[in-house]
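Structural characterization, general
The residues making up each chain are set out below.
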Amino acid sequence: MKFLWGAATSSHQIEGGNRHNDWWEWESQGNIEGGVRSGLAADHWNRFREDLRLASELGLNSYRFSIEWSRIEPEEGKWDDEAMSWYQELVTECERLGLLPMLTLHHFTSPQWLADKGGFTHPNSPKYFARFTERVIEKLGTRIPLWCTLNEPMVLAVGSYMGKFMPPAKYHPRNVSLASENLLKAHVLAYDLIHSKIRDRSGPWKDHPIRVGIAHNMLDFKPDRSWHPLELLLSQIFRRFYNRSWLDAIVGRKQHFGVRGLVPYGAQVKEALGRRTADFIGINYYTKAYIQWGPRDAAQERPAELPIGVQFARRKEKVSDLGWALHPQGLDQMIRFVSGYELPIYITENGIADREDKLRAEYLEAHLGVVQQARKNGVDLRGYYYWSLMDNFEWIKGFGPRFGLYHVNYETFERTATLSSQVYKKFIADDLQES
Ligand code: FCB
């Protein structure tokens, strides 16, 4: 099997008109920077053919996208088959263009009806998710080789109940571990359903084994002051909690969804203990994080309730438009760490917010260099997905940050290739020619 060179997107960030999910509601309450709303996003719902053509023009051979649960099940137990057929069309188009589909079942957004019940803090949330998964399997299952059950479940739990950058944005540390438990249960149910229900296969990838995993956000944590014992300790704690806990959980080890004194631990999810529920590990890697103890004004991200600050760069470091340091060595670190789990690895996201497209080529070259080196070193790395195919709705930051290989004009929705996209294109062509 050839190495997969892809780009990643998510439903809510590009499709537009996802009015039945929790973000839509939260946006309408003025929670997004500048008071903007996702609205038509990148209008991908109407332009998906063009977008996939643009993906294939870069020479990509894979595409990672997500299915919007709130479109498929806008009301509890009511299924919208028309929406489902749109995703079937999307996959048909992928097949026609030779873009191996990696399907994400949950990428941050939940149907509003589930949010009303408390989202993933609700005890039945895993069952609801399983029911949705079954629906997707029924309609698309035979054609999809790669599945991410969840995108960044750690970010979702922390963002919703601690960092307050995702709905419902309520500071409630116990809900961080509670949501994590339910997300893990949901993941396990989906993992089993995908493997047990999909019997026949069809389409161009019918001989590709079905692989199920998660896309996991990882940060290269560092103490802000390397001599500071507490910051040193905290950065280790964050590595364990943020980087490691989900990986341990999906390979069947003891779960540690908690941090003593900060996030109360819940019970162990028995369904996940002692068994592996992932066939690969997806790494979403962007940058590093300096951990600061005590209120320091420089801290960019800091829940008011905590005396801990997180900073994504030091002054003088080269940074993205979001202030995230360019730090390719961190990707190398994460790959080394994850390879210890002895599962195939995909880089399911990696990218830079760079409105002027000034740093993206450098960012790409550096990170792709790390990927190639890891492959040479014998790491079982199977694919790389740049985030993102095109500019899109960057959650609480709105439309300001531009991550796209294609620039989107939000008035006309015209797509224009960035210069850096050509760097990626050339790189892929060279690589595929060699292999
Ligand atoms: C990741 C998310 C993705 C996108 C990038 C920039 O954490 O998975 O949706 O917002 O960050």
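Residues numbered from 1 in each chain as written. Predicted model: local features only at pLDDT ≥ 70, side-chain atom pairs only at ≥ 80, totals over all residues. Heavy atoms only, no water.

**Overview of the site of the ligand**
Near the ligand lie 13 residues; those nearest to it are Q13, H107, N151, E152 and E394. Measuring from an oxygen atom of the ligand, one finds a side-chain N or O atom of Q13 at 2.7 Å. Here an oxygen atom of the ligand sits 3.0 Å away from a polar atom, N or O, in the side chain of W395. (Near = heavy atom within 4 Å. Polar contact = N/O pair within 3.5 Å; in protein donor to acceptor, adjacent residues only side chain to side chain.)

**Considering the pairing of strand β7 (residues 308-311)**
Here β7 shows no split at all, with I308 and V310 on one side and G309 and Q311 on the other all buried. Pairing geometry for strand β6 (residues 280-293) and β7, over 4 bridges, is antiparallel. Bridging from a neighbouring strand, I291 pairs with V310 of β7. (Buried < 20%, exposed > 50% of the residue type's maximum accessible area, 1.4 Å probe, protein only. Helix = DSSP H or I, 4+ residues; strand = E, 2+ residues; numbered from the N terminus. Pairing = 2+ DSSP bridges.)

**Quick word on unusual backbone geometry**
The omega angle of the peptide bond from P167 to P168 is 5°, so this bond is cis rather than trans. Within the secondary structure, P168 sits in the loop between α8 (153-161) and α9 (173-197). For the peptide bond that leads from W387 to S388, omega is 10°, which places it in the cis range. Within the secondary structure, S388 is located in the loop between β9 (381-387) and β10 (406-408).

**Looking at the packing of aromatic side chains**
One pass over the structure, following the stated rule, counts 31 aromatic pairs. Three or more aromatic residues joined by ring pairs form one cluster here, namely F3, W5, Y384, Y386, Y424 and F427. (Phe/Tyr/Trp six-rings, centres within 6.5 Å; stacked < 30°, edge-to-face > 60°.)

**Regarding the pattern of salt bridges**
Applying the stated criterion across every chain yields a total of 34 salt bridges. Residue K222 is joined to D220 by a salt bridge in which the shortest nitrogen-to-oxygen separation is 3.5 Å. By relative accessible area, K222 is classed as partly exposed at 25%. Its salt-bridge partner being R336, residue D332 comes within 3.0 Å of it at the nearest N-O pair. Within this pair, D332 and its partner R336 are both found in helix α11 (residues 328-339), separated by 4 residues, close to a single helical turn. Linked by salt bridges that have partners in common, R49, E89, E93 and R96 make up one network. (Salt bridge = Lys/Arg side-chain N within 4 Å of Asp/Glu carboxyl O.)

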